[in-house]
Amino acid sequence: MKLAGNTVLVTGGASGIGLAMAERFLQAGSTVIICGRRQDKLQEAQQKHPALHTRVCDVAVEADRVALLEWATTTFPQLNVLVNNAGIQRRINPVAQQEDWRETQQEITINLGAPIHLCHLFIPHLKEQPTAAIVNVTSGLAFTPAAFAPIYCATKAALHSYTMSLRYLLAKTNVEVVEIVPPAVNTDLGGAGLHTFGADLNEFTNSVMERVDQGELEVGFGSSEERRNASRAENDAFSAQMNARLS
Ligand SMILES: NC(=O)c1ccc[n+]([C@@H]2O[C@H](COP(=O)([O-])OP(=O)(O)OC[C@H]3O[C@@H](n4cnc5c(N)ncnc54)[C@H](OP(=O)(O)O)[C@@H]3O)[C@@H](O)[C@H]2O)c1
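Treat the numbers as computed from the prediction; the structure is a model and nothing was measured.

Quick notes on the overall build of the protein chain
Alright, step 1. In terms of helices and strands, the protein chain carries eight helices and seven strands.
Alright, step 2. Here the C-alpha atoms of the protein chain give a radius of gyration of 17 Å, agreeing with the 18 Å that 2.2 N^0.38 yields for 247 residues.
Alright, step 3. Counting every position in the protein chain, which comprises 247 residues, the buried fraction comes to 50%.
Alright, step 4. Nonlocal contacts in the protein chain, meaning residues at least 24 apart in sequence, comprise 65% of its contacts between residues at least 6 apart.
Alright, step 5. Separation between the mean location of the 20 positive side-chain charges and that of the 25 negative ones in the protein chain comes to 1 Å.

Here it is as structure tokens:
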């Protein structure tokens, strides 16, 4: 897909990878709408980029997702790209400590249920556009689970699988299905300071968005590029090493 000439909705677009992708679409001349739960973060992003359109929306809430479709497609009838980027990561050990199921369910809903539902909601509208795309943001951890974030990794593996199915289901339509597979990137994911060891946000975003613009459908960076192309044996070795180091 081209970065130019679109009307793009980025969930979780007020910070981190979502904001960086929103900036690349803006720079290419696309119209960009970002949504998230925190009004102050949306305002901050809009002050930096006055062309951005914003909407408060909690993608974990079904009614918010339906309202987002109604508002976005009414206000921006040419909307043709949905970027499912919003996500959270919790470091938990459910074996050592039981947690309230609602906590677990919230992570599953934000990372997996919401993007699936948003795809289903937006596909009829996207199919009406001359060209369209769905961009799902998964993770290198979809390929090599890290036991410190077991629910997160499971949601990302499932979203990767769903994204592949969706690509087949939409193959004969105008809707392209793109997957961005980040490695650890220096953002506030999971809380400030947890990902400072990760890749530089701009280097990561420049690389993946350039490749998306060139038409690639599944794009990683650094170690996630290796892992999405690795054999099962190679990824098992990577997982064993990572989990030994981090446990
Ligand atoms: N950074 C990494 O190392 C890394 C690696 C692999 C994959 N990823 C993926 O990249 C995506 C972006 O993460 P990031 O690293 O940029 O972290 P981030 O800066 O924490 O961004 C996450 C964004 O999602 C929004 N969000 C979270 N829950 C939401 C909800 N219920 N409704 C609406 N918006 C919600 C947050 O805004 P509010 O809190 O205001 O709602 C925030 O703007 C995520 O899907 C993440 O899993 C990141």
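Comments concerning the environment of T104
Alright, step 1. Turning to its location among the elements, T104 is positioned in helix α4 (residues 101-127).
Alright, step 2. Sequence separation of T104 and R90 is 14 residues, and the distance between their C-alpha atoms is 9.1 Å.
Alright, step 3. For T104, the residues in contact, after removing those within four places along its chain, are R90, E99 and I151.

Quick notes on the packing of aromatic side chains
For any pair of aromatic rings, the description consists of the separation of the ring centres together with the inter-plane angle of the planes.
Alright, step 1. Evaluated as defined, the whole model comprises two aromatic pairs.
Alright, step 2. Their ring planes at 75 degrees and their centres at 5.8 Å tell us that W71 and F76 sit as a pair that is edge-to-face.
Alright, step 3. In this structure W71 comes out as partly exposed when scored by relative accessible area, which is 22%.
Alright, step 4. Ring plane angle 85 degrees and centroid distance 5.8 Å describe the contact between F204 and F221, whose orientation is recorded as edge-to-face. Remark: F221 occurs in the loop between β7 (218-220) and α7 (223-229) and F204 occurs in helix α6 (residues 201-213); sequence separation between them is 17 residues.
Alright, step 5. Taking the relative accessible area as the measure of exposure, F204 reaches 1% and is therefore buried.

Overview of the sheet that holds strand β4 (residues 81-84)
Alright, step 1. Taken in spatial order, the seven strands make up an open sheet running β3-β2-β1-β4-β5-β6-β7, and their pairing is parallel. Every interior strand has two partners, whereas the edge strands, β3 (53-56) and β7, have only one. With strand direction ignored, the average angle separating the axes of adjacent strands in the sheet is 15 degrees.
Alright, step 2. Here four bridges tie β4 to strand β5 (residues 132-137), and the two strands are oriented parallel to one another. From the neighbouring strand, V83 faces β5, where its bridge partner is V135.

Quick notes on empty space enclosed by the protein
Alright, step 1. A full pass over the atoms with the stated rule returns one cavity of 30 Å³ or more.
Alright, step 2. Within this model, the largest cavity holds a volume of roughly 30 Å³.
Alright, step 3. Considering the residues around the largest cavity, the lining is formed by N84, N85, A86, I110, N111, P115, V137, K156 and L159.
Alright, step 4. Going through the elements one at a time, α4 and α5 (150-169) are the ones with two or more residues in the lining of the largest cavity.
Alright, step 5. Here the element with the most residues in the lining of the largest cavity is α4; it accounts for three residues.

Concerning the site of the ligand
Alright, step 1. The environment of the ligand is formed by 29 residues, the closest being R37, R38, N85, Y152 and T187.
Alright, step 2. The separation between an oxygen atom of the ligand and a polar main-chain atom of G12 is 3.4 Å.
Alright, step 3. Measuring from an oxygen atom of the ligand, one finds a side-chain N or O atom of R37 at 2.7 Å.
Alright, step 4. When the ligand is considered free in solution it has 870 Å² of accessible area, and contact with the protein chains removes 95% of it.
Alright, step 5. Secondary-structure elements contributing two or more residues to the shell around the ligand are α1 (16-27) and α5.

Section: the UniProt feature "domain: Ketoreductase" (unreviewed entry) in the protein chain
Alright, step 1. UniProt annotation of "domain: Ketoreductase" (unreviewed entry) refers to residues 6-173 when read in the numbering used here.
Alright, step 2. Here residues 6-173 is 49% helix and 15% strand, with 17 Å between the C-alpha atoms at its ends.

Description of the pairing of strand β1 (residues 7-11)
Alright, step 1. By the criterion of burial, β1 is predominantly enclosed, with five of the five residues buried.
Alright, step 2. For the handedness criterion, the β-α-β arrangement of β1, α1 and strand β2 (residues 31-36) is classed as right-handed.
Alright, step 3. Where β1 and β4 come together, three bridges link them in parallel fashion. Note on β4: the bridge partner recorded for L9 is L82.

Calculation rules
Residues numbered from 1 in each chain as written. Predicted model: local features only at pLDDT ≥ 70, side-chain atom pairs only at ≥ 80, totals over all residues. Heavy atoms only, no water. Helix = DSSP H or I, 4+ residues; strand = E, 2+ residues; numbered from the N terminus. Rg over C-alpha atoms; globule rule 2.2 N^0.38 Å. Buried < 20%, exposed > 50% of the residue type's maximum accessible area, 1.4 Å probe, protein only. Contact = heavy atoms within 4.5 Å. Lys, Arg positive; Asp, Glu negative; His and termini not counted. Charge placed at Lys NZ, Arg CZ, Asp CG, Glu CD. Phe/Tyr/Trp six-rings, centres within 6.5 Å; stacked < 30°, edge-to-face > 60°. Pairing = 2+ DSSP bridges. Axes fitted to C-alpha atoms, helices over the stretch in contact; angles between N-to-C directions. 1 Å grid on protein atoms, 1.4 Å probe; cavity = no way out; pocket = protein on both sides within 12 Å on 5 of 7 lines; lining within 4 Å. Points joined across faces, edges and corners; volume = space filled by probe spheres on them. Near = heavy atom within 4 Å. Polar contact = N/O pair within 3.5 Å; in protein donor to acceptor, adjacent residues only side chain to side chain. Areas by Shrake-Rupley, 256 points an atom, 1.4 Å probe, with all protein chains shown as cover. UniProt positions renumbered as here; feature names shortened; annotations may be inferred. Right-handed = clockwise from strand over helix to strand, strands pointing away.

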